[in-house]
Amino acid sequence: MARNKKTTDEETIQDSAENAAENTENQQEEAIEKSELEIAQEALAAEKDRYMRLFAEFENYKRRTAKERLDLFVTASEDVLSALLPVVDDFERALPELEKGDKKLFEGVDLIYKKMLNTLEKKGLEKITVKAGDSFDADLHEAITQIPAPNEDLKGKIIDTVEQGYKLGEKIIRYPKVVLGK
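Residues numbered from 1 in each chain as written. Predicted model: local features only at pLDDT ≥ 70, side-chain atom pairs only at ≥ 80, totals over all residues. Heavy atoms only, no water.

1. Structural notes on the packing of aromatic side chains
- Enumeration according to the criterion identifies 3 aromatic pairs in this entry.
- When the ring of tyrosine 51 is compared with that of phenylalanine 55, the centres are 6.3 Å apart and the planes differ by 25 degrees; the resulting orientation is stacked. Taken as a pair, tyrosine 51 and phenylalanine 55 lie in helix 1 (residues 2–75) at a separation of 4 residues, close to a single helical turn.
- For tyrosine 51, a relative accessible area of 52% corresponds to the exposed category. (Phe/Tyr/Trp six-rings, centres within 6.5 Å; stacked < 30°, edge-to-face > 60°. Helix = DSSP H or I, 4+ residues; strand = E, 2+ residues; numbered from the N terminus. Buried < 20%, exposed > 50% of the residue type's maximum accessible area, 1.4 Å probe, protein only.)

Take a look at the structure:
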């Protein structure tokens, strides 16, 4: 019986050692699985962050290109309209002289001038209105000369407009040329 007890004790010790070894192996496997899981989660988080940044960058690119395309449509005709402005100036100089002469000729040229102005306005061209007595603004006007002001109220203000200014949308394509009083 003593031998059976010894065998049973030895078996118990051996079972305990095996269980401890299995527990250690299980703990090691769990630790490995846990670290692999943590590594996988970190990799997933990094990829998700990269994806979100790439997505945001693409959205910004789409907005930027859409704005550039819209600006291009608005100002695509800027060169052509700028080239036509001297013709409009010639009309504006010719009409007062034609009005003094033949009325039929004046009406015909005036009709052509108005038709041309109407077409340019449909394309987005706007006159910059400047009147005598307006305050001078270097951001909106181009001063070509100064003359003595006829009265004190016009000192430092616009006295005359030599050349009309125009803008296309919000962009000024030609600044009005003005005479200032000093």
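2. Thoughts on a negative patch on the surface
- A grouping of Glu18, Glu22, Glu25, Glu29, Glu30, Glu33 and Glu36 is seen on the molecular surface, where their side chains present a negatively charged patch.
- Looking at the element boundaries, glutamate 29 is found in helix 1.
- Residue class for glutamate 29 comes out partly exposed when judged on its relative accessible area of 44%. (Patch = residues over 30% accessible without salt bridge, like charges linked within 9 Å, V, L, I, M, F, W, Y side chains within 5 Å. Areas by Shrake-Rupley, 256 points an atom, 1.4 Å probe, with all protein chains shown as cover. Salt bridge = Lys/Arg side-chain N within 4 Å of Asp/Glu carboxyl O. Lys, Arg positive; Asp, Glu negative; His and termini not counted. Charge placed at Lys NZ, Arg CZ, Asp CG, Glu CD.)

3. Structural notes on the sheet that holds strand 4 (residues 165–168)
- Spatial strand order, 1-4-5: 3 strands in an open sheet with antiparallel pairing. Bordering the open sheet on either side are strand 1 (125–128) and strand 5 (171–174), each of which pairs with just one other strand. Going across the sheet, the axis of each strand differs from the next one's by a mean of 40 degrees, ignoring polarity.
- Pairing of strand 4 with strand 5, which is carried by 3 bridges, proceeds in the antiparallel orientation. In the strand pairing of strand 5, leucine 168 is matched with lysine 171. (Pairing = 2+ DSSP bridges. Axes fitted to C-alpha atoms, helices over the stretch in contact; angles between N-to-C directions.)

4. Considering the pairing of strand 4
- Strand direction decides the pairing type here: strand 1 and strand 4, joined by 4 bridges, are antiparallel. Bridged to leucine 125 within strand 4 is leucine 168.

5. Overview of the confidence of the model for the protein chain
- When pLDDT is averaged along the protein chain, the result is 85; 88% of the residues meet or exceed 70.
- Taken element by element, the protein chain is modelled with least confidence in helix 1, mean pLDDT 79, and with most confidence in helix 3 (residues 103–122), mean pLDDT 93. (pLDDT = per-residue confidence, 0-100.)

6. Here we look at the packing of helix 2 (residues 78–100) against helix 3
- Their axes nearest at 10 Å, the elements helix 2 and helix 3 cross at an angle of 155 degrees. Relative to helix 3, the element helix 2 lies roughly antiparallel. Seen along the crossing, helix 2 lies across helix 3 with a hand that is left-handed. Contacts between helix 2 and helix 3 involve Leu81, Leu84, Val87, Val88, Phe91, Glu92, Leu95, Leu98 and Glu99 on the former and, on the latter, Lys103, Leu105, Phe106, Val109, Asp110, Ile112, Tyr113, Met116 and Leu120.
- Residues that form the contact of helix 2 with helix 3 fall into these classes: 14 nonpolar, no polar and 4 charged. (Parallel < 35°, antiparallel > 145°, perpendicular 65-115°, else oblique. Left-handed = near helix turned anticlockwise from the far one by under 90°. Contact = heavy atoms within 4.5 Å. Nonpolar A, V, L, I, M, F, W, Y, C, P; charged D, E, K, R; others polar.)

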